[in-house]
Amino acid sequence: MSIQEQYRKKAAELLSSGEVKLVIGYGAGTTPDRRRPLFVRSADETSKLHLDAACEANLSGYLVTEGLLADRKKVGIFLGPEGIRSVNILASESQLDPDQIVIMGFNREAESVSALEGSNVRDFPAMLAALKEQAPGAGEQALVERIENMTPEERFTFWQAEFEKCIKCYACRQVCPMCYCRRCIVDNNQPQWVQTSSHTLGNFEWNLVRAFHLSGRCVECGGCDRACPVNIPLRLINRRMAMEVLDAYDHFSGMSPDQETVLASFKKDDPETFIL
Ligand code: SF4
Ligand code: SF4
C-alpha cells in the first residue's frame, strides 16, 4: 500500500474513532504538480488527501489558527521534518500543546515520499539528531560560501540589490509558521518601527528585522522563498543566522518541545562578558 493510501486510511480511522476532530493535509492543486492545504473533518473526505513529492508546504502554521486548539481536542496533520521541527518550536514557545497534535510524518525525496515512524512530536529524536548533523546549509553550502567570501561591501551590494525588489507584500510572513504574532511589528503605526512603503531603507528594515526574529527559530522549510513573488533568496539570510546560532550556542531549532528558546531566554547569573 502506498504511503498516500496508508495515511488516507489512518486519517479515516482517526476521524471515525473521534481521536482527532480534524486532519490537515494536502489536496489537489491547480495543476498536477501542485498541492494545496486540505482540511478534512470526516472519514468520507479522506480520499481527497494527497501525499507525494509535490507536497512542499509546511502545514504546521495552521495549527496556531486562533481558537483551533482551544477545545483541547486533537488535530491530525501531515508533516515533513521541517514541520515537525516547527511544531516543536511552537510548543516550546507555548503556542500549542504538542500532545494535541497527531503527526502523519513523511520524508520527501526527489520523486517520492516515505513514511516517518511515530505520531507524537517526541517520537523523532533520531531523525532530528541526523538533521542537526547535516544542517544548516546542507544542499546550498556553495551559495552560502560564495556570499561568505564576499567583502562586506560586496555583500551589502548583493543584499541591497535583492531587497530593493521587495514590494512589501508580506507573503513571506504569512506563509511562515514561526510568524504567528497576531499583530506584526510592521502593522504597528504608533510608533511606526518599520516604514511601510517599498523603498531601500524600509525594505532593509523589514527584511533584517524579520531575519533577526527568525534567528534560532527558522526551520528552513523554504516557504518564504517559494512565496516571495520577486524571488528574493530569503532562505539564505535565515540560514546564515541559523549557522551563527549553531556555532555560538550549539542550538539547532526545533529539536524538542522542551528546547529552550535561544534568543528569548536568559540566566540571572549570566556574567554578560559580551558587554565588556
Ligand atoms: S523563515 Fe522561511 S524557511 Fe524559515 S521557517 Fe519561516 S517560512 Fe520556513
Ligand atoms: S515575500 Fe518577498 S516581496 Fe513580499 S514582503 Fe517578503 S521579501 Fe518582500
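Residues numbered from 1 in each chain as written. Chains lettered and ligands numbered in written order. Predicted model: local features only at pLDDT ≥ 70, side-chain atom pairs only at ≥ 80, totals over all residues.

### With respect to the overall build of the protein chain
- Counting secondary structure elements, the protein chain contains 9 helices and 5 strands.
- Its helices and strands in sequence order give the protein chain the pattern α-β-β-β-α-β-β-α-α-α-α-α-α-α, from N to C terminus.
- With respect to the principal axes defined by its C-alpha atoms, the protein chain has extents near 60 × 50 × 40 Å.
- Put simply, the protein chain has 276 residues, and 32% of those count as buried.
- Across the protein chain, contacts joining residues at least 24 apart in sequence account for 66% of those joining residues at least 6 apart. (Helix = DSSP H or I, 4+ residues; strand = E, 2+ residues; numbered from the N terminus. Buried ≥ 20, exposed ≤ 12 C-beta atoms within 10 Å, placed from the backbone. Contact = placed C-beta atoms within 7 Å.)

### Looking at the sheet that holds strand β3 (residues 74-79)
- With mixed pairing, the 5 strands of this open sheet are ordered in space as β2-β1-β3-β4-β5. At either end of the open sheet lies a strand with only one pairing partner, and these are β2 (35-40) and β5 (113-115). Ignoring strand direction, the axes of neighbouring strands in this sheet form an average angle of 25°.
- For strand β4 (residues 101-108) and β5, the ladder comprises 3 bridges, and the chain directions are antiparallel. Residue pairing for β5: asparagine 107 is matched across the bridge by serine 114.
- Here helix α1 (residues 3-16) sits on the sheet in contact with β1 (20-28), β2, β3, β4 and β5, set at roughly 150° to β1.
- Sitting on the sheet, helix α2 (residues 81-92) touches β3 and β4, and the angle it makes with β4 is about 145°. (Pairing = 2+ DSSP bridges. Axes fitted to C-alpha atoms, helices over the stretch in contact; angles between N-to-C directions.)

### Brief notes about the site of ligand 1
- Neighbouring ligand 1 are 15 residues, the closest being Cys176, Cys218, Cys221, Gly223 and Cys224.
- Among the elements of the structure, α8 (223-227) and α9 (234-249) are those that each provide at least two residues to the shell around ligand 1.
- When residues in the shell around ligand 1 are grouped by element, the largest group, 3 residues, is from α9.
- Of the residues contributing to the shell around ligand 1, the split by class is 10 nonpolar, 3 polar and 2 charged. (Near = placed C-beta within 6 Å. Nonpolar A, V, L, I, M, F, W, Y, C, P; charged D, E, K, R; others polar.)

### Considering the site of ligand 2
- Residues in close proximity to ligand 2 total 14 residues, the closest being Cys166, Cys169, Ala171, Cys172 and Cys228.
- By residue class, the composition of the shell around ligand 2 is 12 nonpolar, 1 polar and 1 charged.

### Quick notes on the environment of phenylalanine 106
- For phenylalanine 106, the location among the structural elements is in strand β4.
- When the C-alpha atoms of phenylalanine 106 and leucine 79 are compared, they prove to be 6.2 Å apart, with 27 residues separating the residues in sequence.
- Apart from the residues within four sequence positions on either side, phenylalanine 106 is in contact with Ile3, Leu51, Phe78, Gly80, Val113, Ser114, Ala115 and Leu116.

### Quick look at the domain arrangement of the protein chain
- On domain assignment, one finds that the protein chain holds domain 1 (3-131) and domain 2 (141-249).
- A C-alpha centroid distance of 27 Å is found between domain 1 and domain 2.
- Each partner contributes to the interface: domain 1 provides 11 residues, whereas domain 2 provides 10 residues.
- When the residues that make up the side of domain 1 that touches domain 2 are grouped by side-chain class, the tally is 3 nonpolar, 5 polar and 3 charged. (Domains from an automatic or database assignment.)

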